[in-house]
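In case you want the letters, here they are:
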Amino acid sequence: MRNVDIVIIGSGIAGGLLARQLRLACPDLGVLVLEAAEAMEDYKVGESTVEVAANYMVRRLNLGTYLYQHQLPKNGLRFFFDSPGKDLPLPRMSEIGSDHMPFHPSFQLERARLERDLVAMNRAAGAEVELGAKVVDVAIDGGGRHKVVYEQGGERREVACRWVCDASGRRHVLWRKLGVKVHKETRLNTAAAWGRYRGVAGLDAVADPAWRSRARYTSRHLSTNHFMYDGYWIWFIPLAGDLMSVGVVFDKDRIGEGSGAALPGPRTRADFERFLGAHRAARELLEGAELEDFQSYAHLPYHADRYFSTDRYAVTGEAGAFTDPFYSPGSDFIATANEFITQMILADVAGDRAAFEEKVAAYDAYYRFKYDSTLRLYERMYPVFGSFELYRLKYLLDFNNYYNLVVWPFMADRVTDVGWIREELKFTDLVLRALSTMGEHFASLASDLRARGEYFAQNEGRFANGLNGVAQLETRLGPAIDERFRREQVDRAYGSVFAALVERRLGEQGLSDRARVVSELKLPQVLVFRDITPERLSRLLQRVAERITRELRDEFPDAGIERVELGADGEVSVTGLDAATAAHAAVLSRARALWDASAGSLAHVAL
């Protein structure tokens, strides 16, 4: 029987990147990768990476040169919004996107090529990679060496190892062998269908000069392009060479079978092509293109009860959990799991049992929290997707939180710091409540706007710069974390977006950029604001008025100010002074200045 230190089941992107990281971090340990496929040629979805995964590949795995030479740089996320009839031409669709490349890199990956190249790179780095090696049994021995049995070339083979890492994707090889249940997620009921097209001219082929100049001729083609609809979205992702990945993700409760929707979710190749053809922008982009292949998943999200064990086994990528492809989090989960696995193996090899057990417990708890928080991010989003007005605010909040709360700690190497994780986990309930509360507010406003006939009101002719919510983080992100600044950004993001929701829900024009209002809406106050009603707004404005009253009394101690009152449509009044006096005029002017002061709200920032 062969003996190695680490067996990785699967040489897809998760297993291939893990093997590379282990060879770089632990060059004295033997790594064996067992891949069931005879050749790495299978087309796989999940081409779009975002900043955590890109930082991991460039900084940790030293793949920057490779990615720029053999894959495509990504021009961020881009979103387009359509009419109720799905008949707007692309240049008339409202758009969220940048007018220049984002300040931190990300990439569009042609997965089969990357996975083939990783096999060659890992072999060159000293890892053993066996293709056509199907794992048929795994026996875990917490006190000794594990046994992995695989079939290759018609022969049955065995290998003993200290660590088993499962990167087998949705086959869940390790969990099936160990009897660990993989739970089908019920809080989010989504499915997907997708394929690759050859001969798509791409978004940059659209000749409209005003549309091209609006984004300063930056390449929309290189973006992960989302076409947004009520209950579903369509992606266009470019791949190296003459290929375009095109897919649909839909909420089965809103447009799937049994939903009563006029346009059912696509399940077959023919349904997929018909579905895309019902949308003018997608139809025109695909004119003359050829669909090369087609795949689908009947259900997307799932999770397990654990991911890492002190018995020296772990899972990474889709072998463990999956949420939803919106915002492209899959490769971020891979990066996080691989970082954890590497640190656990290093602690185990060092012989520090206490440190090893501490890491396993902290990493497993954090990974479960990461799944749950990501799931709640998507849980109520699908009813919001089709409205530019609503989704612009949702994206401001989500993008700010991603850069501030996810990207920054990863770049600063805090994610593997057990002490940092423990501190973060203290806020688990707060974070999950915040995600659920805001999701409820967005879904409720979406329902309200539908009832008013205003859901699609801003879906034509508008452009929002997608970098608005994170421009202030550009010079901050790096190896040093400023916790005070991070907290301020959380409050600013929630205050800005929630004030805009209140303004829209209650028709209080100008409310969302008033500094006095936004400052009262820090995250804890937002969580208390369970329902957006005139009564709750009245109580909020009363608190603001009381604060302004105290400030004016300090500033004008002899004026005899009784109170400041804030009325509808931004009206301000002051009582206790004779309205005919100069003192009243001065106090009233100052009160109005305090009330009218701009918050610099993220909902109003323009680049």
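Residues numbered from 1 in each chain as written. Predicted model: local features only at pLDDT ≥ 70, side-chain atom pairs only at ≥ 80, totals over all residues. Heavy atoms only, no water.

Chemist: Help me understand the nonpolar core in this model?
Modeler: Membership of the largest hydrophobic core comes to 125 residues, with the highest contact counts inside it found for I8, F79, F308, F326, Y327, M344 and Y391. If one sorts the elements of this core by residue count, helix 10 (residues 353–379) sits on top with 11 residues. Once residues lying within four places of it in the same chain are set aside, the contact partners of I8 are G15, L18, A19, L22, V31, L32, V33, L34, C165 and A167. Of all hydrophobic cores here, the second largest spans 50 residues; its members include A499, V526, I561 and V587. (Core = buried A, V, L, I, M, F, W, Y, C linked by side-chain atoms within 4.5 Å. Buried < 20%, exposed > 50% of the residue type's maximum accessible area, 1.4 Å probe, protein only. Helix = DSSP H or I, 4+ residues; strand = E, 2+ residues; numbered from the N terminus. Contact = heavy atoms within 4.5 Å.)

Chemist: Looking at this structure, how should I read the pattern of salt bridges?
Modeler: In this structure the tally under the stated criterion is 50 salt bridges. Two residues, R452 and D448, come together in a salt bridge whose shortest N-O distance is 2.6 Å. Pair noted here: R452 and D448 are both in helix 13 (residues 428–452), with a separation of four residues, about one helical turn. Since its relative accessible area comes to 34%, R452 is described here as partly exposed. Each member of the salt-bridge network shares a partner with another, and the members are E389, D448, R452, E454, R504 and R505. (Salt bridge = Lys/Arg side-chain N within 4 Å of Asp/Glu carboxyl O.)

Chemist: Just to check I follow, could you spell out the packing of aromatic side chains for this structure?
Modeler: The description of an aromatic ring pair rests on the distance of the ring centres and on the angle between the ring planes. This structure, assessed with the given rule, holds 40 aromatic pairs. With centroids separated by 6.1 Å and ring planes inclined at 65°, the aromatic side chains of Y366 and F369 adopt a geometry described as edge-to-face. Separated by three residues within a single helix, Y366 and F369 lie in helix 10, roughly one turn from each other. Summarising the burial analysis for this pair, Y366 and F369 share the class buried. (Phe/Tyr/Trp six-rings, centres within 6.5 Å; stacked < 30°, edge-to-face > 60°.)

Chemist: What should I look at first to understand the environment of G202 in this one?
Modeler: Here G202 lies in the loop between strand 12 (190–198) and helix 6 (209–214). With 276 residues separating them in the primary sequence, G202 and G478 have C-alpha atoms 34 Å apart. Here G202 is in contact with H221, M244 and L285, once residues within four sequence places are set aside.

Chemist: Whenever I open this one, the packing of helix 9 (residues 330–350) against helix 10 confuses me. Can you help?
Modeler: In contact at an axis separation of 9 Å, helix 9 and helix 10 are set at 170° when each is read in the N-to-C sense. Between helix 9 and helix 10, the interaxial angle falls into the category roughly antiparallel. Between helix 9 and helix 10, the contacting residues are D332, F333, T336, A337, F340, Q343, M344, A347 and D348 on the first element and F356, K359, V360, Y363, Y366, Y367, K370, Y371 and T374 on the second. Residues belonging to the contact of helix 9 with helix 10 are distributed by class as follows: 11 nonpolar, three polar and four charged. (Axes fitted to C-alpha atoms, helices over the stretch in contact; angles between N-to-C directions. Parallel < 35°, antiparallel > 145°, perpendicular 65-115°, else oblique. Nonpolar A, V, L, I, M, F, W, Y, C, P; charged D, E, K, R; others polar.)

Chemist: Sorry, what's going on with the packing of helix 2 (residues 51–60) against helix 11 (residues 388–411) here?
Modeler: Two measures define how a pair of helices packs: the angle their axes make with one another and the distance between the axes. One can describe the packing of helix 2 onto helix 11 by two numbers: an axis separation of 9 Å at closest approach and a directional angle of 15°. Accordingly, the angle class assigned to the pair helix 2 and helix 11 is roughly parallel. The two elements helix 2 and helix 11 cross, and the hand of that crossing is right-handed. Here E51, V52, N55, Y56 and R59 of helix 2 lie close against helix 11, whose contacting residues are Y402, Y403, V406, V407, F410 and M411. Its residues assigned to classes, the contact of helix 2 with helix 11 comprises eight nonpolar, one polar and two charged. (Left-handed = near helix turned anticlockwise from the far one by under 90°.)

Chemist: Would you explain helix 14 (residues 483–506) in this entry?
Modeler: Given 3.6 residues per turn, any residue in an α-helix points the same way as the ones three and four places further on. With 24 residues, helix 14 ought to run about 34 Å at 1.5 Å a step, and its terminal C-alpha atoms sit 34 Å apart, in line with that. A side-chain oxygen of the first residue of helix 14 lies 3.2 Å from the backbone nitrogen of R484; this N-cap is D482. (Expected span 1.5 Å × (residues − 1). Polar contact = N/O pair within 3.5 Å; in protein donor to acceptor, adjacent residues only side chain to side chain.)

Chemist: Help me understand unusual backbone geometry in this model?
Modeler: One can expect most non-glycine residues to show negative phi and most peptide bonds to be in trans. At H172, a position not held by glycine, the phi torsion is positive, near 50°. Since its relative accessible area comes to 7%, H172 is described here as buried.

Chemist: I tried to follow the sheet that holds strand 12 on my own but got confused; where do I start?
Modeler: In any sheet, the strands associate via hydrogen bonds between backbone groups, in a parallel or an antiparallel arrangement. Overall, mixed pairing links the eight strands, which are arranged 16-12-15-14-13-4-5-20 in an open sheet. In the strand order of this sheet, the two ends are held by strand 16 (290–297) and strand 20 (463–465), each with one partner. Between one strand axis and the next, the sheet turns by 15° as a mean value, whatever way the strands run. For strand 12 and strand 16, the ladder comprises seven bridges, and the chain directions are antiparallel. Across the sheet, residue G195 finds its bridge partner in strand 16, namely F294. Set on the sheet, helix 7 (residues 269–277) makes contact with strand 12, strand 14 (232–239), strand 15 (243–251) and strand 16; between it and strand 16 the angle comes to about 110°. The sheet strands contacting helix 11 are strand 4 (77–81), strand 5 (94–97), strand 13 (224–229) and strand 20, and the helix crosses strand 5 at an angle near 10°. (Pairing = 2+ DSSP bridges.)

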